[in-house]
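# A look at the structure
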Amino acid sequence: MNIKEIFRNLSMEGKGLYYKLTIVFALFFLVPLTGFFFFACRYQLLDDEYIPIFIFAVLVFSLLAFSIVRNIFDNISSVAKRVAGVVPKEGQVEK
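First, a word on what this report is: a plain description of the structure on this page. (Residues numbered from 1 in each chain as written. Predicted model: local features only at pLDDT ≥ 70, side-chain atom pairs only at ≥ 80, totals over all residues. Heavy atoms only, no water.)

### With respect to the overall build of the protein
- Each helix and strand counted, the protein has three helices and zero strands in total.
- Walking the protein from its N terminus toward its C terminus, one meets helices and strands in the order α-α-α.
- Its C-alpha atoms give the protein a radius of gyration of 21 Å, more than 25% over the compact-globule value 12 Å for 95 residues.
- Overall size of the protein, expressed as C-alpha extent along the three principal axes, is 70 × 40 × 15 Å.
- Counting only residues that meet the buried cut, the protein has 8% of its 95 residues in that class.
- For the protein, the computed accessible surface area is about 8,400 Å², with 67% contributed by carbon and sulfur atoms. (Helix = DSSP H or I, 4+ residues; strand = E, 2+ residues; numbered from the N terminus. Rg over C-alpha atoms; globule rule 2.2 N^0.38 Å. Buried < 20%, exposed > 50% of the residue type's maximum accessible area, 1.4 Å probe, protein only. Areas by Shrake-Rupley, 256 points an atom, 1.4 Å probe, with all protein chains shown as cover.)

### Thoughts on the packing of aromatic side chains
- Under the counting rule described, the total for this entry stands at four aromatic pairs.
- Aromatic pair Phe39 and Tyr43: ring centres 6.2 Å apart, planes at 5°, arrangement stacked.
- Judged by relative accessible area, which is 45%, Phe39 ranks as partly exposed.
- Through pairs of rings, three or more aromatic residues link up here, namely Phe36, Phe37 and Phe54. (Phe/Tyr/Trp six-rings, centres within 6.5 Å; stacked < 30°, edge-to-face > 60°.)

### Quick word on a nonpolar patch on the surface
- On the surface, a cluster of nonpolar side chains totalling about 560 Å² of accessible area is made up of Val24, Leu27, Phe28, Phe29, Leu30 and Val31.
- Mapping Phe29 onto the fold places it in helix 2 (residues 17–42). (Patch = residues over 30% accessible without salt bridge, like charges linked within 9 Å, V, L, I, M, F, W, Y side chains within 5 Å. Salt bridge = Lys/Arg side-chain N within 4 Å of Asp/Glu carboxyl O.)

The values reported here are purely geometric and, on their own, carry no functional implication.
Shown next as structure tokens:
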């Protein structure tokens with residue numbers, strides 16, 4: 001395996017829509033949550049009785065947001081496929 005092929009595999013250019021959606025989900029929800037856990041351990045915030053409820057709420061709402069965004073992506077993808085079937089390809093003349 002050469003270096004170009006390794007970087008091509010790491011590139012998001014050839015990946016599908018759902019792969020990109022998963023990466024966006026991780027960047028917007030899981031990375032800040034990891035930072036929160038770091039500060040919670042460092043400053044001993046986990047001893048507070050309301051922190052587990054807060055973490056559970058963040059995880060539930062993150063999953064809900066991910067579901068909503070995925071549904072929107074599904075709708076956009078299905079509309080794009082339908083439109084692609086209706087629009088004539090370049091070079092074809094409509095009769």
